[in-house]
Amino acid sequence: MKNTRIYLDNNATTPCDPRVIEAMLPYFYEKPGNAASRNHPFGWEAEEAVDQARQQIARLLQADSKEIVFTSGATEADNLALKGIFELYRRKGQHIISVTTEHKAVLDTCKHLEKLGASITLLEVSTDGLIDLGQLEAAIRPDTILVSVMWANNETGVIQPMAAIGEICARHGIFFFSDATQAVGKIPCHPRENGIHLMAFSAHKMYGPKGVGALYVSNQNPRVKLAAQMDGGGHERGMRSGTLNVPGIVGFGKAAALAGEEMQEEAKRLGRLRDHFESVVRAQLEEVYINGSTRHRMPHVTNLSFRHVEGETLMMTFNQTMAVSSGSACTSASLDPSHVLVALGLSDDMAHAALRISLGRFTTAEDVERAIEAIAKGVRQLRAESPVWEMFKDGIDLESIG
Ligand SMILES: *Cc1c(COP(=O)(O)O)cnc(C)c1O
C-alpha cells in the first residue's frame, strides 16, 4: 500500500488486493446481470461468473462447488450454521458445545439459542489457548447435536486441533462446525479432511471485498441440511435467499485463487517477519509476554502483553501513523478486557496491557522495523512516567499485594 501509515491490523480486515478489484470492476456496470435472471445473456454472464467464483473457492477448500453457500460475511454464515442446525435438529437434541474464546458472532448466537431452549456448554481453554480433547469428549451428551470450534483465533492466532476434534465428532455422530474466518486463505483449510461439516469464512479477511462470505455445507457423507434463516427467492439451494452480490462474489473467487497460489510463500515470509518482530521487541524491552501457544499459531499474528503498560494508551502514542489492536474491547460505556485473553488466564491488567499485531500481504520489512521502533519508544516512555512500573522495578509487586 502506498501509504505513509502502517497497517498492522489485518485480522480486523485486510486491504482488497488490486488484482481482486480489477476482477470485480466489470460486474458493476458493463456486466450488470442478476445471476438469477435465467432468460437473457446478462443473467447468464452473471451466473457464469458466480459459478467460476464458486469453483475457485471450492478448489481452495478441496470441496465441491455445490457445498459453497454465499452469505454477506462470516457473521451471517456463523448465524446460519448454528441457528440452521438447531432449528432443524432440535427434536433430536438441544445441546451444543462451543468454546469460551470463540468470536462474538458464535458466542452471541449461542446465547440467542439458549433463550430458545438450547443448552450450551462452553469449553474452557488452557493458558496456551487450546481446548482439551478429553474435556470435549467428556462434555458430549446423548442430546448433543453440534460442536462449534473456530479454526484459528482472531486475537491470538492460536490454531485448534481440527482433525482430532473432527474425529471425536464423527465417532459420536455429531455435526462439527468451524468458524474458519481467520484461517481460510492463510493456511490449508480442507473441511472434509478434518471431519468438518460446516465452515464459515469471509472475503474481507483474505484480501477480498467486505460484505461477502460463505458457509461450506457438506453435501455428502453426510449431507447436511439447514433451516434457512432468510426466506425469499430460494437462492443458494434454498439455504440463503437474496440476490447474489455478483461483483463481491467475483472478487471473493479471485481472492481464493490468489490465496491458493500464494499462501505458502506468504505464510513463510510473514512468519519470518513476525518472529523477527517478536524477538527484537522482547530483546529491547523487559516484561513482554506472548499470549497463546507459539507452536499452534497462525504465522502472521502476535499478541503481546507489556507489563504495566496500558495497551490503549500505548496505541495512542503512535495511532496517527500505525494501526494495531489492543486487548481491550469497547462495550457501551467502558473498556472491558478481551474475553479471549481472560479465558487464557490473564489478569485484567495483563489483558489490558496487550497489543495484537497482525501482518498481511502488503506488510513490508520496513513496516515491521518502524513498528518495533514505535512500540519500543511508546513502552519506554509510558514506563518512565509510571509509578507502578517504578515500584515493580524496586521489587514491589502490586499484583501480589492485590
Ligand atoms: C471477522 C470475523 C468474523 C466476522 O466476519 P464478517 O465477515 O466481518 O461478518 C467472524 N469470525 C471471526 C473469527 C472473525 O475473525
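Just so we're clear, the structure is a prediction, and the values are computed from it rather than from any experiment. (Residues numbered from 1 in each chain as written. Predicted model: local features only at pLDDT ≥ 70, side-chain atom pairs only at ≥ 80, totals over all residues. Heavy atoms only, no water.)

The ligand sits among 13 residues. The nearest are T75, D179, Q182, S202 and K205. Contact distances for the ligand include 2.9 Å between an oxygen atom and a backbone N or O atom of A74. At a separation of 2.7 Å, an oxygen atom of the ligand approaches a polar side-chain atom of Q182. Expressed as a share of its isolated accessible area of 380 Å², the protein-covered part of the ligand is 86%. (Near = heavy atom within 4 Å. Polar contact = N/O pair within 3.5 Å; in protein donor to acceptor, adjacent residues only side chain to side chain. Areas by Shrake-Rupley, 256 points an atom, 1.4 Å probe, with all protein chains shown as cover.)

What follows concerns the domain arrangement of the protein. Taken as a whole, the protein is organised into domain 1 (6-11 + 263-389) and domain 2 (18-258). Distance between the C-alpha centres of domain 1 and domain 2: 29 Å. Tallying the contact residues gives 25 residues for domain 1 and 31 residues for domain 2. Buried surface at the junction of domain 1 and domain 2, summed over both partners, amounts to about 2,400 Å²; 58% is from carbon and sulfur atoms. Considering only the surface of domain 1 that becomes buried against domain 2, M263, M298 and R361 emerge as the three largest contributors, covering 29% of it. (Domains from an automatic or database assignment. Contact = heavy atoms within 4.5 Å. Buried area = accessible area lost by both parts, 1.4 Å probe.)

Now for the sheet that holds strand 2 (residues 68-71). Spatial ordering of the open sheet is given by 2-8-7-6-5-3-4, a layout of 7 strands whose pairing is mixed. The two strands at the open ends of the sheet, each matched to only one other strand, are strand 2 and strand 4 (119-123). In this sheet, neighbouring strand axes are inclined to one another by 20 degrees on average, regardless of whether the strands run parallel or antiparallel. As paired elements, strand 2 and strand 8 (residues 213-217) share 4 bridges and run antiparallel to each other. By the bridge assignment, F70 is partnered in strand 8 with A214. Sitting on the sheet, helix 2 (residues 41-61) touches strand 2, strand 7 (198-202) and strand 8, and the angle it makes with strand 2 is about 115 degrees. Of the strands in this sheet, strand 3 (95-99), strand 4, strand 5 (144-148) and strand 6 (175-179) touch helix 4 (residues 104-115), which is tilted by about 155 degrees from strand 3. (Pairing = 2+ DSSP bridges. Helix = DSSP H or I, 4+ residues; strand = E, 2+ residues; numbered from the N terminus. Axes fitted to C-alpha atoms, helices over the stretch in contact; angles between N-to-C directions.)

This part takes up helix 7 (residues 246-284). The first and last C-alpha atoms of helix 7 sit only 49 Å apart over 39 residues, clearly below the 57 Å expected at 1.5 Å per residue. Where helix 7 bends most, the angle comes to about 60 degrees, and this point is E262. (Expected span 1.5 Å × (residues − 1). Bend = angle between axes of the 7 residues up to and from the residue.)

With that out of the way, let us pick up the pattern of salt bridges. For side chains of opposite charge, pairing can occur when their charged atoms come near one another. Evaluation of the coordinates by the stated rule reveals 18 salt bridges. The shortest N-O distance in the salt bridge between D108 and K111 comes to 3.7 Å. Of the two residues, D108 and K111 are both situated in helix 4; the distance of 3 residues between them amounts to about one turn of the helix. The exposure class assigned to D108 is partly exposed, which follows from its relative accessible area of 38%. Between R361 and E266 there is a salt bridge whose closest N-O contact spans 2.8 Å. Here R361 is found in the loop between strand 15 (354-358) and helix 11 (365-384), whereas its partner E266 is found in helix 7, with 95 residues between them in sequence. There is no split in this pair, since R361 and E266 are both buried. (Salt bridge = Lys/Arg side-chain N within 4 Å of Asp/Glu carboxyl O. Buried < 20%, exposed > 50% of the residue type's maximum accessible area, 1.4 Å probe, protein only.)

Let's shift gears to the sheet that holds strand 10 (residues 301-306). Hydrogen bonds between backbone groups are what pair the strands of a sheet, and the pairing can be parallel or antiparallel. Here we have 4 strands laid out as an open sheet, ordered 9-10-15-12, and antiparallel in their pairing. The sheet terminates laterally at strand 9 (288-290) and strand 12 (325-326), the two strands that pair on one side only. Here strand 9 runs beside strand 10; their pairing, made up of 3 bridges, is antiparallel. Residue pairing in the sheet places Y289 in a bridge with S305 of strand 10.

One finds W151 and M199 to be the most contacted residues of the largest nonpolar core, which totals 65 residues. Here this core gathers at least three residues from each of two domains, domain 1 (6-11 + 263-389) and domain 2 (18-258). Among the nonpolar cores identified, the runner-up in size contains 27 residues, and M315, L359, A371 and A376 belong to it. (Core = buried A, V, L, I, M, F, W, Y, C linked by side-chain atoms within 4.5 Å.)

This part takes up the packing of helix 7 against helix 11. Close contact between helix 7 and helix 11 brings their axes to 10 Å; oriented N to C, the two are set at 25 degrees. One way to sum up the angle between helix 7 and helix 11 is to call them roughly parallel. Crossing hand, helix 7 versus helix 11: right-handed. Within the contact between the two elements, helix 7 uses L273, H276, F277, V280, V281 and Q284 and helix 11 uses A365, V368, E369, A371, I372, I375, A376 and R380. Residue composition of the contact of helix 7 with helix 11, by class: 10 nonpolar, 2 polar and 2 charged. (Parallel < 35°, antiparallel > 145°, perpendicular 65-115°, else oblique. Left-handed = near helix turned anticlockwise from the far one by under 90°. Nonpolar A, V, L, I, M, F, W, Y, C, P; charged D, E, K, R; others polar.)

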